[in-house]
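# Observations on the three-dimensional arrangement
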Amino acid sequence: MRGMKILYAGIRRENYDPRRRDSFEYINFFLTLKAMAGVEVVEYPFDRILEVGKKKWNEELYEIARREKPDLLFAFMYTDELDIRTLQQIKQLTTSVAWFADDYWRFWNYSRRWPPYFSYVITTYSRAVDWYKKSGFDNAILSQWACNTNLYKPIVLSPELVEGPYKKRYPSTSSGNNVFEGSVKDIDVSFVGQKKSGRVKMINFLRRAGINIQCFGYGWPNGKISHDDMLKIFSRSKICLNLTDRKSIFDPSVIARLFLKKSVNRIVPDFHFLDNLKAVLHFPILHTHARPFELAGCGAFTISGRSEDIGKYYEEGKEMVFYDSPNDLVNKIKYYLAHDAERVAIARAGYERTIKEHTYEQRFREIFRHIGF
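A few points on the structure. (Residues numbered from 1 in each chain as written. Predicted model: local features only at pLDDT ≥ 70, side-chain atom pairs only at ≥ 80, totals over all residues. Heavy atoms only, no water.)

Taken as a whole, the second largest pocket spans an internal volume of roughly 220 Å³. Surrounding the second largest pocket, 13 residues form its lining, Met202, Thr244, Asp245, Tyr323 and Pro326 being those nearest its centre. For the lining of the second largest pocket, the element with the most residues is helix α8 (residues 197-208), which contributes three residues. Residues belonging to the lining of the second largest pocket are distributed by class as follows: five nonpolar, four polar and four charged. (1 Å grid on protein atoms, 1.4 Å probe; cavity = no way out; pocket = protein on both sides within 12 Å on 5 of 7 lines; lining within 4 Å. Points joined across faces, edges and corners; volume = space filled by probe spheres on them. Helix = DSSP H or I, 4+ residues; strand = E, 2+ residues; numbered from the N terminus. Nonpolar A, V, L, I, M, F, W, Y, C, P; charged D, E, K, R; others polar.)

So this is what it looks like as structure tokens:
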């Protein structure tokens, strides 16, 4: 029996820069689809627009759809790469699906313009489903970010430490869920992510409260680390943090969104002021992103900032811990550093929930079933 054929369109390299690493959507969406049993994927990346231009790229996309006869066009939406007329033509040939990121604010000046041209649109923000309906569209499907278990997995580290205080190398590593009890835990608290002003304030607050926290990523003294080293940091940490800070609407980079937008790899003027204003006013919403699922999928004990919808995916206090304020975070860090058995039980339960319900393959299969495949 023939499997399912998908024509996939999305960015291959971050920000269209060939010198940068593969994009989030390429790693987590395209590679997951490609690895799924019974699925054949034909990729046509947005990056080619830089070579041939948008008009030619869209013409080629349509020709690929005619030639390959896919069961589904799956587009991970970014800016204005896709031409409306091309989408209308493809919609006559096959089922088309668009995945939208950041609908908690981008719905108002981006996402709501596209549903007429796709068979289905995917949102990760639960309230956006009603926003689509109120805008006259009933083809929105609620999904969520997840864990790519091919990339994020438990790493067990032996206790023989070789060099350096926070960039230690280990003589052997193995993958397996005995990370909960069989791996060295020599870092009290860690945070992996880019240095930003809100995060700096929180980290400084924690350190003033006596918390020994180590930070990794662009801008921090420890610097950026490789993916493999990140997994080791997760494994070595008694507590891993997911900080859910958002920029103020008065931040200059946020205010600029009132007048500017991205178009492929450029910033261009945008005169939809009222739509942009509505988007900016929703920008501070604490929305769920992928990192909590990735941490849990690595077997890490996770304390996360509370965000809309996260409590629907992990049971508070049993599979993940959430904080409401800086003081609350300090108290919970100190409590769980002193209660090893509770940490292990919560980390194990969060991992098992992730593997059972929150992988990208499961997300895709749920979407495919919903649309009749």
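Moving on, we get to empty space enclosed by the protein. Applying the stated criterion to the full structure yields one cavity of 30 Å³ or more. Approximately 30 Å³ is the volume attributed to the largest cavity. Together, Ala296, Ala300, Phe301, Thr302, Glu319, Met320, Ile346, Ala347 and Gly350 line the largest cavity. Sorting elements by how many residues they give to the lining of the largest cavity places helix α14 (residues 340-357) first, with three residues. Here the residues of the lining of the largest cavity sort into six nonpolar, two polar and one charged.

Our focus in this paragraph is the sheet that holds strand β2 (residues 39-43). Pairing within the open sheet is parallel, and its six strands lie in the order β2-β1-β3-β4-β5-β6. Looking at the sheet topology across the chains shown, the edges are occupied by β2 and β6 (140-142). Looking at each pair of strands side by side, their axes are set apart by 25 degrees on average, direction ignored. In terms of strand pairing, strand β4 (residues 95-99) meets strand β5 (residues 120-123) through three bridges, oriented parallel. Among the inter-strand pairings, Ala98 is bridged to a residue of β5, identified as Val121. Packing against the sheet, helix α3 (residues 54-68) makes contact with β1 (4-9) and β2, and its axis sits at approximately 175 degrees to β1. (Pairing = 2+ DSSP bridges. Axes fitted to C-alpha atoms, helices over the stretch in contact; angles between N-to-C directions. Contact = heavy atoms within 4.5 Å.)

So, about the sheet that holds strand β11 (residues 237-242). Strand pairing in a sheet takes place through backbone hydrogen bonds and is either antiparallel or parallel in direction. Ordered by their spatial adjacency, five strands build an open sheet running β10-β9-β11-β14-β15, and the pairing between neighbours is parallel. Bordering the open sheet on either side are β10 (213-216) and β15 (321-323), each of which pairs with just one other strand. Between one strand axis and the next, the sheet turns by 25 degrees as a mean value, whatever way the strands run. As judged from the four bridges shared by strand β9 (residues 187-192) and β10, these two strands associate in the parallel manner.

Moving on: the pattern of salt bridges. Applying the stated criterion across every chain yields a total of 28 salt bridges. For the salt bridge of Asp17 with Arg19, the shortest nitrogen-to-oxygen distance reads 3.1 Å. With a relative accessible area of 17%, Asp17 lands in the buried category. Of the residues examined, Arg19 reaches a relative accessible area of 76% and is grouped as exposed. Connected through salt bridges with shared partners, the residues Lys5, Arg67 and Glu68 form a single ionic network. (Salt bridge = Lys/Arg side-chain N within 4 Å of Asp/Glu carboxyl O. Buried < 20%, exposed > 50% of the residue type's maximum accessible area, 1.4 Å probe, protein only.)

This part takes up the pairing of strand β14 (residues 302-305). Burial along β14 is two-sided: the residues Thr302 and Ser304 and Ile303 and Gly305 are all buried. Examined bridge by bridge, β11 and β14 share three bridges and lie parallel to one another. When the bridges of β14 are listed, Leu241 appears paired with Ile303.

A few words on the nonpolar core. Phe29, Phe74, Trp145, Phe234 and Phe368 are the most contacted members of the largest nonpolar core, which has 49 residues in total. Aside from chain neighbours lying at most four places away, what touches Phe29 is Tyr8, Phe24, Phe74, Phe76, Trp99, Trp145, Tyr360 and Phe364. Judged by nonpolar contacts, the second largest core, of 44 residues, contains Phe107, Tyr125, Val264 and Ala279. (Core = buried A, V, L, I, M, F, W, Y, C linked by side-chain atoms within 4.5 Å.)

To continue, consider the packing of aromatic side chains. Evaluated as defined, the whole model comprises 33 aromatic pairs. The interplanar angle of 45 degrees and the centroid separation of 6.2 Å between the aromatic rings of Phe29 and Phe74 together place this pair among those described as tilted. One end of the pair, Phe29, is in helix α1 (residues 24-35); the other, Phe74, is in strand β3 (residues 72-76), with 45 residues separating them in the sequence. Taking relative accessible area as the criterion, Phe74 reaches 1% and is therefore assigned buried. With a centroid separation of 6.4 Å and 35 degrees between ring planes, the pair formed by Phe76 and Trp145 is classed as tilted. With Phe76 in strand β3 and Trp145 in the loop between β6 and β7 (155-157), this residue pair connects regions lying 69 residues apart in the sequence. Cluster of aromatic residues (ring-pair linked, three or more members): Tyr8, Phe24, Tyr26, Phe29, Phe30, Phe74, Phe76, Trp99, Trp145, Tyr360, Phe364 and Phe368. In this structure, Arg106 packs its charged tip against the face of Tyr110, placed 4.1 Å from the ring centre. The ring of Phe293 carries the charged tip of Arg363 above its face, separated from the ring centre by 5.6 Å. (Phe/Tyr/Trp six-rings, centres within 6.5 Å; stacked < 30°, edge-to-face > 60°. Lys NZ or Arg CZ within 6 Å of the ring centre and 35° of its normal.)

So, about unusual backbone geometry. Leaving glycine out, the prevailing phi sign among residues is negative, and the prevailing peptide bond configuration is trans. With a phi angle near 65 degrees, Tyr16 is a residue other than glycine that sits in the positive phi range. Along the chain, the position of Tyr16 falls in the loop between β1 and α1. Even without being a glycine, Asp102 presents a positive backbone phi close to 65 degrees. In this structure, Asp102 sits in the loop between β4 and α5 (103-106). A relative accessible area of 22% places Asp102 in the partly exposed class.

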